[in-house]
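# Examining the three-dimensional arrangement
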Amino acid sequence: MAIVGTAASYFQLSRFLRQDLTKSVALQQTALAAYVARNVDNYLGERLSFLERLATHLPPERLSQPEALHAWLQERSTLSPVFPLGLRVIGLDGKGLDGTGQMVTDGPEFAGARAGQPALGRAQATPSGNSVLPMAVPVRNAAGQVIAMLLGTADLSADGLLDHLQRARVGQDGGILVVSPRDHLFVASTDVTMSLTSTPPEGVNLLHDRAMKGFRGSGTTRNARGIDEISAIASVPNSGWFVVARVPVAQALAPVGRMQTFILEQRAPAVITVLVVIGLIMAWLLRPLLRAADQADRMTRGELALAPLRVVRDDEIGHLTQAFNRLLAKLLDNQEALARLAHHDTLTGLPNRKLLDDRLQQALVRARRHSHQVAVLYLDLDGFKNLNDTFGHEAGDRALGEIARRLQGLVRQTDTVARIGGDEFVLLAADFDGAAEQGALALARRCIDAIAQPLEQLAQPAQSPAVIGVSIGIALGTGGETPQDLLAAADKAMYRAKQGGRGSYAMTPAPTPA
């Protein structure tokens, strides 16, 4: 029986652990690939958005004034140094309108910009060894025709994007690849020897071939070096690129080999141990009950955290343990529900005033430690009482829920949207390391635009959609204030915004602490 049991446990546990670890590692790699893809997409999206905004505000008369245009570009580049290698305005014929001379414009970024779309070029290396990526957006005249192209070159190395890939790797041999299917190019890699090299030809890596054709997901494959890997692929939407997170199968499944060695080395002494265990069978039968009683007693005294007891056997003791675990689960569920009610608004699910104060206090501590700034936006809905009177309180509640969803869609995951009153919301944006005033004002304008959208789900077929506005007060802090100081300052600013009419905002500096 010992030999049969050893063999069965050896093969069954090996198979189970191999399958389970493969699934777990695949999920881990999928999450890692998605995380890196979001970061890369945000990096590219921020720079393309910056170029598009710059192209929109470029004075048309400066296109015929090279020196003035060059000075204008230099000023914008200095104010927002997302393109440290500089900005250029190129005519459709390739001539530099900023006085920088003729350019070869056969790259994909220029073709896309001529067609009226923002586009990325091919990543390439500079003489200093840095990886750079050109980008271009169209410049239009008043009639909407493309008359020039605005070019910016991002320095991937100087911006730390490649360093971020190094930090995201899993294990010693795991790695991240950023691939451009259009260019058949490894844009970046944790293995620096692969960066800016061509992708392998079709047939070398079957999962890579599927990814080049649009597959996104995970799987096991053999790479160009003949190493079996567990890989996951995630898209980078702004560029058409994809990110590959990979780890060698041998490294991922190393615990299987250790478990097999453990079974073989420990099984022989276990056979002898069985003879001793037979003599202690009665004590063994009672041991789970004694252990469960001891753990439950220590939980009641607060020596152990509340946690389910291990169910050892499916007998009377096991049934008693399961009943205890079910009772404990109900208790924990009730505690979680009470904790959520204490810190969240029941109507919208947003943080309430208590949780907002806690997060604001933490943000101020970080701001003081890192010399950052904190922005508090105090929002008061305009016309909400009229909406309640017209459509009813149930419709008003639905409107508050919709407003909450819109506000949450405007902020970062690290920011906080809270409801602190009937139709009053507070938006906390923390960790500004520069241009906090401009960022807060831009966020306020986005809030006004989002809330001003019609609430069509409230209207009856014969009615016009409901529309409400918002007045916003803004206060900035540097960490020396209290949460009450900032909220009071933002509240005062909001009342000043109210005087400006619907859809207004006002900013006031936070009060100097005593």
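Placed above this text is the structure.
Presented here is an overview of the structure given in this document. (Residues numbered from 1 in each chain as written. Predicted model: local features only at pLDDT ≥ 70, side-chain atom pairs only at ≥ 80, totals over all residues. Heavy atoms only, no water.)

What characterises a pair of aromatic rings is the spacing of the ring centres plus the angle enclosed by the ring planes. For the structure on display, the rule yields 1 aromatic pair. With centroids separated by 6.1 Å and ring planes inclined at 35 degrees, the aromatic side chains of F50 and F83 adopt a geometry described as tilted. Taken together, the positions of F50 in helix α1 (residues 2-56) and F83 in the loop between α2 (66-79) and β1 (87-91) put the pair 33 residues apart, joining distant regions of the chain. Residue F83 is classed as buried on the basis of its relative accessible area, which comes to 1%. Sitting above the plane of the Y43 ring, R47 keeps its charged end 3.8 Å from the centroid. Above the plane of the ring of F215 lies R210, whose end atom (NZ or CZ) is 4.0 Å from the centre. (Phe/Tyr/Trp six-rings, centres within 6.5 Å; stacked < 30°, edge-to-face > 60°. Helix = DSSP H or I, 4+ residues; strand = E, 2+ residues; numbered from the N terminus. Buried < 20%, exposed > 50% of the residue type's maximum accessible area, 1.4 Å probe, protein only. Lys NZ or Arg CZ within 6 Å of the ring centre and 35° of its normal.)

Turning our attention to the pairing of β1. Within β1, 5 of the 5 residues are buried, which leaves the element mostly enclosed by the surrounding structure. Here β1 shows a buried face lined by L87, V89 and G91 and a second buried face lined by R88 and I90. Inspection of the sheet shows β1 paired to strand β7 (residues 146-155) by 5 bridges, in the antiparallel sense. Counterpart to G91 in the pairing with β7 is A148. (Pairing = 2+ DSSP bridges.)

Attention now goes to the side chain of D155. Its place among the elements puts D155 in strand β7. No salt bridge forms around the buried D155; measuring N to O, its nearest opposite-charge neighbour R47 is 9.5 Å away. There is a polar contact of 3.2 Å between the side chain of D155 and the backbone nitrogen of S157. Ignoring anything within four residues of it in the chain, the contact list for D155 reads Y43, P84, L85, N130, S131 and V132. (Lys, Arg positive; Asp, Glu negative; His and termini not counted. Salt bridge = Lys/Arg side-chain N within 4 Å of Asp/Glu carboxyl O. Polar contact = N/O pair within 3.5 Å; in protein donor to acceptor, adjacent residues only side chain to side chain. Contact = heavy atoms within 4.5 Å.)

Okay, helix α11 (residues 384-391) next. Within α11 the residues assigned to the buried category are F384, L387 and N388. Projected down its long axis, α11 shows its buried positions confined to an angular sector of 100 degrees, all on one face. Residues K385, N386 and D389 are exposed on α11 and point more than 90 degrees away from its buried face. Of the surrounding elements, those touching the buried residues of α11 are β14 (373-382) and α12 (393-408). The first or second residue beyond α11 is G392, which carries a positive phi of 100 degrees. (Arc of directions from axis to C-beta.)

Below, the discussion takes up the nonpolar core. One broad trend across soluble globular proteins is that nonpolar side chains are buried collectively. Counting residues in each nonpolar core, the largest one holds 42 residues, and the members touching the most others are L44, V89, L133, M135, L150, W241 and V243. Here this core gets 12 residues from one element, more than from any other, and that element is α1. In this view, L150 contacts L51, L54, A55, L73, R88, V89, M135, A136, V137 and V139; residues no more than four positions away in its chain are not counted. Counting 33 residues, the second-largest nonpolar core is a separate cluster that includes L381, I403, A436 and I451. (Core = buried A, V, L, I, M, F, W, Y, C linked by side-chain atoms within 4.5 Å.)

The grouping of I281, M282, W284, L285, L286 and L290 at the surface amounts to a nonpolar patch, some 580 Å² of accessible area in total. Tracing the sequence through the fold places L286 in helix α8 (residues 281-300). Taking the relative accessible area as the measure of exposure, L286 reaches 48% and is therefore partly exposed. (Patch = residues over 30% accessible without salt bridge, like charges linked within 9 Å, V, L, I, M, F, W, Y side chains within 5 Å. Areas by Shrake-Rupley, 256 points an atom, 1.4 Å probe, with all protein chains shown as cover.)

Any functional reading would require information that these geometric values do not contain.
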